[in-house]
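# Examining the three-dimensional arrangement
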Amino acid sequence: MDLKTLIGEPWPDYGLLDSGDGRKLERYGRFRFIRPEPQAMWKPATTDWRADAEFIPGSDEDGGGRWYYEKPVPAEGWPLRWREVTFQSSCTPFRHLGFFPDMAPVWDDLRAAIADKPDAEVMNLFGYTGVGTLALSAARARMVHVDASKKSVAQARANAALSGMEDRPVRWIVEDAAKFVAREVRRNRRYDGILLDPPKYGRGPDGEVWRLEEDLPGLIANCRALLDADSRFLFLTVYAVRMSALAIGELLRQAFADLPGTVEAGELAVREEARGIALPTAIWARWRR
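Here is what the cut-offs are and how they apply
Residues numbered from 1 in each chain as written. Predicted model: local features only at pLDDT ≥ 70, side-chain atom pairs only at ≥ 80, totals over all residues. Heavy atoms only, no water. Buried < 20%, exposed > 50% of the residue type's maximum accessible area, 1.4 Å probe, protein only. Pairing = 2+ DSSP bridges. Helix = DSSP H or I, 4+ residues; strand = E, 2+ residues; numbered from the N terminus. Axes fitted to C-alpha atoms, helices over the stretch in contact; angles between N-to-C directions. Polar contact = N/O pair within 3.5 Å; in protein donor to acceptor, adjacent residues only side chain to side chain. Contact = heavy atoms within 4.5 Å. Patch = residues over 30% accessible without salt bridge, like charges linked within 9 Å, V, L, I, M, F, W, Y side chains within 5 Å. Areas by Shrake-Rupley, 256 points an atom, 1.4 Å probe, with all protein chains shown as cover. Salt bridge = Lys/Arg side-chain N within 4 Å of Asp/Glu carboxyl O. Phe/Tyr/Trp six-rings, centres within 6.5 Å; stacked < 30°, edge-to-face > 60°. Lys NZ or Arg CZ within 6 Å of the ring centre and 35° of its normal. Expected span 1.5 Å × (residues − 1). Arc of directions from axis to C-beta.

### Concerning unusual backbone geometry
Although it is not a glycine, R95 adopts a positive phi angle of roughly 75°. Look at R95 and you get partly exposed, because its relative accessible area is 24%. Located in the positive-phi region is R140, a residue other than glycine, with phi close to 80°. With relative accessibility at 42%, the residue R140 sits in the partly exposed group.

Following this line, the structure appears as structure tokens:
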């Protein structure tokens, strides 16, 4: 299987300004932030990294750390825009800023996959703050947004209101993703597409435990049961694990062997504005017809 790279290019409200020495400098609207980035092993283009805040990680390799502010940054967040979608960005305790900008080329890819199918039924699992859900909803998809975090789903609904899309056909589900998908299989539901971005580890609202390496194959098998020969895609992204794109590509190849279409895998990356370097961020695999 040949690996491919999907590269996110800068847009007006986001850009990777510079990277190197294990860090990255980004712009999110009018603010600039420094965050750790272990894959930026090269030297930065410049050492003049003036930023509004920097996230300093803790000693625990599984997470931790805090933001240090050089200038005032609104604690409640500030609005950003991608295509038709307006959403709130903010400095979260987990070093993220309320969305994953490297997903932009994925949103474009999936919008193209359903461009000729009005009212396509699409499910976004582990949907977080809903930017991907709204990107597909703006392309006329009927969405099911699933996340175990009540707070994330509330933010997703707030982002829908910011975008003027609160009346779009979106089901907002606060539930463990694996449990919800298993129930959809029992209901004999079908979908035109599924987008999933599972964490390395997580807990559902009723204490359900998710471990990526153990639970991903079963989830993919159930997702496959919700798709058929007329469906358009399944897109899987994986962050922050010691896992290969070849491995998740083979997982999808076997799961979708009975359906027409192709399976591809590769890396996500973001284009650095200073030199055009592609900074890798995640691995992905997709089936599409």
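### Section: the sheet that holds strand 6 (residues 65–69)
Strand order in the open sheet formed by 5 strands is 2-3-4-5-6, with mixed pairing between adjacent strands. The strands lining the two open edges of the sheet, one partner per strand, are strand 2 (14–20) and strand 6. For this sheet the average axis-to-axis angle between neighbouring strands, irrespective of direction, equals 20°.

### Remarks on the side chain of E264
Relative to the assigned elements, E264 resides in strand 16 (residues 262–271). A polar contact is formed between the side chain of E264 and the side chain of K4, at a distance of 2.3 Å. In terms of polar contacts, E264 uses its side chain to reach the side chain of R288, at 3.2 Å. In this view, E264 contacts M1, K4, W284, A285, R286 and R288; residues no more than four positions away in its chain are not counted.

### Focus: a nonpolar patch on the surface
A contiguous nonpolar patch, built from M1, L3 and L246 and spanning about 280 Å² of accessible area, is present on the exposed surface. Relative to the helices and strands, M1 is located in the segment before strand 1 (3–8).

### Description of the pattern of salt bridges
In the structure shown here, the tally under the stated rule is 27 salt bridges. For E84, the salt bridge identified is with R111, shortest N-O distance 3.1 Å. Within this pair, whereas E84 is found in the loop between strand 7 (78–82) and strand 8 (85–89), its partner R111 is found in helix 1 (residues 104–113), the two being separated by 27 residues in sequence. By relative accessible area, which is 14% here, R111 ends up buried. Between D109 and R286 there is a salt bridge, and its shortest N-O distance comes to 3.0 Å. Taken together, the residues D109 in helix 1 and R286 in strand 17 (residues 278–288) connect sequence positions 177 residues apart. Each of the two residues, D109 as well as R286, counts as buried.

### Points about the environment of A160
Examined against the element boundaries, A160 turns out to sit in helix 3 (residues 150–162). Owing to a relative accessible area of 2%, A160 belongs among the buried residues under this scheme. In sequence terms A160 and V131 are 29 residues apart; their C-alpha atoms lie 8.6 Å from each other. Those residues in contact with A160 that lie beyond four places of it in its chain are L134, M165, E166 and W172.

### Thoughts on the pairing of strand 12 (residues 193–196)
The alternating pattern of strand 12 places G193 and L195 on one face and I194 and L196 on the opposite face, and all of these are buried. Sheet analysis places strand 9 (residues 121–125) next to strand 12, joined by 4 bridges and oriented parallel. Note on strand 12: the bridge partner recorded for V122 is G193.

### What to know about the packing of aromatic side chains
Scanning the model with the defined rule gives 17 aromatic pairs in all. Relative to Y14, the ring of W11 has its centre 5.5 Å away and its plane inclined at 45°; by these criteria the two rings are tilted. An identical accessibility class is assigned to W11 and Y14; each is buried. Consider the rings of F235 and W284, whose centres lie 5.5 Å apart with planes at 20°: the pair is stacked. Of this pair, F235 sits in strand 15 (residues 233–238) while W284 sits in strand 17, and the two are 49 residues apart along the sequence. Taken together, the ring pairs connect W11, Y14, Y28, F31, F33, F55, W67, W78, F87 and F99 into an aromatic cluster. Across from the ring centre of Y68, 4.4 Å away, lies the NZ or CZ of R66, which sits over that ring.

### Here's the deal with helix 5 (residues 212–225)
Here helix 5 contains 14 residues, and its C-alpha end-to-end distance of 19 Å stays within 8% of the 20 Å for a straight helix at 1.5 Å per residue. The set of residues buried in helix 5 consists of L212, L216, L219, I220, C223 and R224. Seen from one end, helix 5 has its buried residues packed into an arc of 135°, which puts them on one side.

### Observations regarding the sheet that holds strand 9
Read across the open sheet, the 8 strands follow the order 1-16-17-15-12-9-10-11; overall the sheet is mixed. Strands at the two margins of the open sheet, each flanked by one partner only, are strand 1 and strand 11 (170–174). Each strand axis lies, on average, 20° off the axis of its neighbour in the sheet, ignoring direction. With 4 bridges joining them, strand 12 and strand 15 adopt parallel strand pairing. Residue pairing in the sheet places I194 in a bridge with L234 of strand 15. Packing of helix 1 onto the sheet brings it into contact with strand 1, strand 12, strand 15, strand 16 and strand 17, and relative to strand 15 it is tilted by some 170°. Of the strands in this sheet, strand 10 (142–147) and strand 11 are in contact with helix 3, which crosses strand 11 at around 160°.

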